[in-house]
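# Fold and contact review
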Amino acid sequence: MAPKPWAEWSMALSHLALGVVSLHAAVRIAQASRGAAAGFLLQALVAATMLAPGLRTNEDCLAGAWVATVIGLPLLAFDFHWVNGDRSSANLLLGGGMVLAVAGDHLGAEGRSVAAQAVVLVVAVTILIVAVFTTNTYGMWGGVMLGAAGLLSRLEEDRLLLLPKEDVCRWVLAAGSWAYHQALHSQRLQWE
């Protein structure tokens, strides 16, 4: 069965949305937070490689998504924790992500999938906890969206809302990245 043209458009648009939101966030937050900007930039680069014809192979896409998940997301959470004075959690998240990035070659496909899901959920929950205690509404929405993207990716269904599951996850992740960018921005304004 040939792939439907709207499915290809759906994939391209979800990658484009995630890439644009992440690149915009990386540029806007770069002066205030290099770590969060690097995390957003990793997400944007992975989305861009998926859109560029000829640059993607299945192994490269999986490796890029792995790096964006286990290093990029902890970098985002690192800054959120660091600015709020929770330096031990910030260092623990980033250190754990680095260890997983190095150990990725020693894990099987299922092990990498479980580890990536664990990173997504741990980052989402810790961002949500900090956002609740600091009453940062955008941070709460970002944490919820990131957690929702992680949970949606574990569903057994191939389609959600008439779209492929991966595309829905990217749309939710793009919304979560936008909310998280706004959370960092409002957090910086609060501290100034």
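Residues numbered from 1 in each chain as written. Predicted model: local features only at pLDDT ≥ 70, side-chain atom pairs only at ≥ 80, totals over all residues. Heavy atoms only, no water.

### Focus on the nonpolar core
- Counting residues in each nonpolar core, the largest one holds 37 residues, and the members touching the most others are Phe40, Phe80, Val123, Ile127, Leu146, Tyr180 and Leu184.
- For this core, the secondary-structure elements that each account for two or more residues are helix H1 (5-29), helix H2 (34-51), helix H3 (58-83), helix H4 (87-103), helix H5 (109-133), helix H6 (137-153) and helix H7 (165-191). (Core = buried A, V, L, I, M, F, W, Y, C linked by side-chain atoms within 4.5 Å. Buried < 20%, exposed > 50% of the residue type's maximum accessible area, 1.4 Å probe, protein only. Helix = DSSP H or I, 4+ residues; strand = E, 2+ residues; numbered from the N terminus.)

### With respect to empty space enclosed by the protein
- One pass over the structure, following the stated rule, counts 1 cavity of 30 Å³ or more.
- Considered as a void within the structure, the largest cavity measures approximately 80 Å³ in volume.
- Looking at the largest cavity, the residues that line it are Gln43, Leu73, Leu76, Val123, Ile127, Gly142, Leu146, Leu173, Gly176, Ser177 and Tyr180.
- The dominant element in the lining of the largest cavity, judged by the number of residues it contributes, is H7, at 4 residues.
- Grouping the amino acids of the lining of the largest cavity by side-chain chemistry returns 7 nonpolar, 4 polar and no charged. (1 Å grid on protein atoms, 1.4 Å probe; cavity = no way out; pocket = protein on both sides within 12 Å on 5 of 7 lines; lining within 4 Å. Points joined across faces, edges and corners; volume = space filled by probe spheres on them. Nonpolar A, V, L, I, M, F, W, Y, C, P; charged D, E, K, R; others polar.)

### Notes on a nonpolar patch on the surface
- Judged by side-chain polarity, Trp9, Leu13, Leu16, Val20, Leu51 and Trp171 come together as a nonpolar surface patch covering roughly 600 Å² of accessible area.
- Here the nonpolar patch takes 4 residues from H1, the largest share from any one element. (Patch = residues over 30% accessible without salt bridge, like charges linked within 9 Å, V, L, I, M, F, W, Y side chains within 5 Å. Areas by Shrake-Rupley, 256 points an atom, 1.4 Å probe, with all protein chains shown as cover. Salt bridge = Lys/Arg side-chain N within 4 Å of Asp/Glu carboxyl O.)

### A few points about the environment of glycine 150
- Summarising the element assignment, glycine 150 is placed in helix H6.
- Sequence separation between glycine 150 and alanine 116 is 34 residues, and the spatial gap between their C-alpha atoms is 8.8 Å.

### Thoughts on the packing of aromatic side chains
- Tallying each qualifying case throughout the model produces 4 aromatic pairs.
- Taking the centre distance of 5.3 Å and the plane angle of 25° together, the rings of phenylalanine 78 and tryptophan 82 count as stacked. Residue phenylalanine 78 and its partner tryptophan 82 are both found in helix H3; the two are separated by 4 residues, about one turn of the helix.
- The class of phenylalanine 78 is buried, set by a relative accessible area of 18%.
- The class for tryptophan 82 is partly exposed, based on a relative accessible area of 32%.
- The interplanar angle of 55° and the centroid separation of 5.4 Å between the aromatic rings of phenylalanine 80 and tyrosine 180 together place this pair among those described as tilted. Highlighted residues: phenylalanine 80 in helix H3 and tyrosine 180 in helix H7, separated in sequence by 100 residues.
- Under the relative-accessibility criterion, phenylalanine 80 is labelled buried at 0%.
- Pairwise contacts between aromatic rings join Phe40, Phe80 and Tyr180 into one cluster.
- A cation sits over an aromatic face here: arginine 87 above tryptophan 82, 4.5 Å from the ring centre. (Phe/Tyr/Trp six-rings, centres within 6.5 Å; stacked < 30°, edge-to-face > 60°. Lys NZ or Arg CZ within 6 Å of the ring centre and 35° of its normal.)

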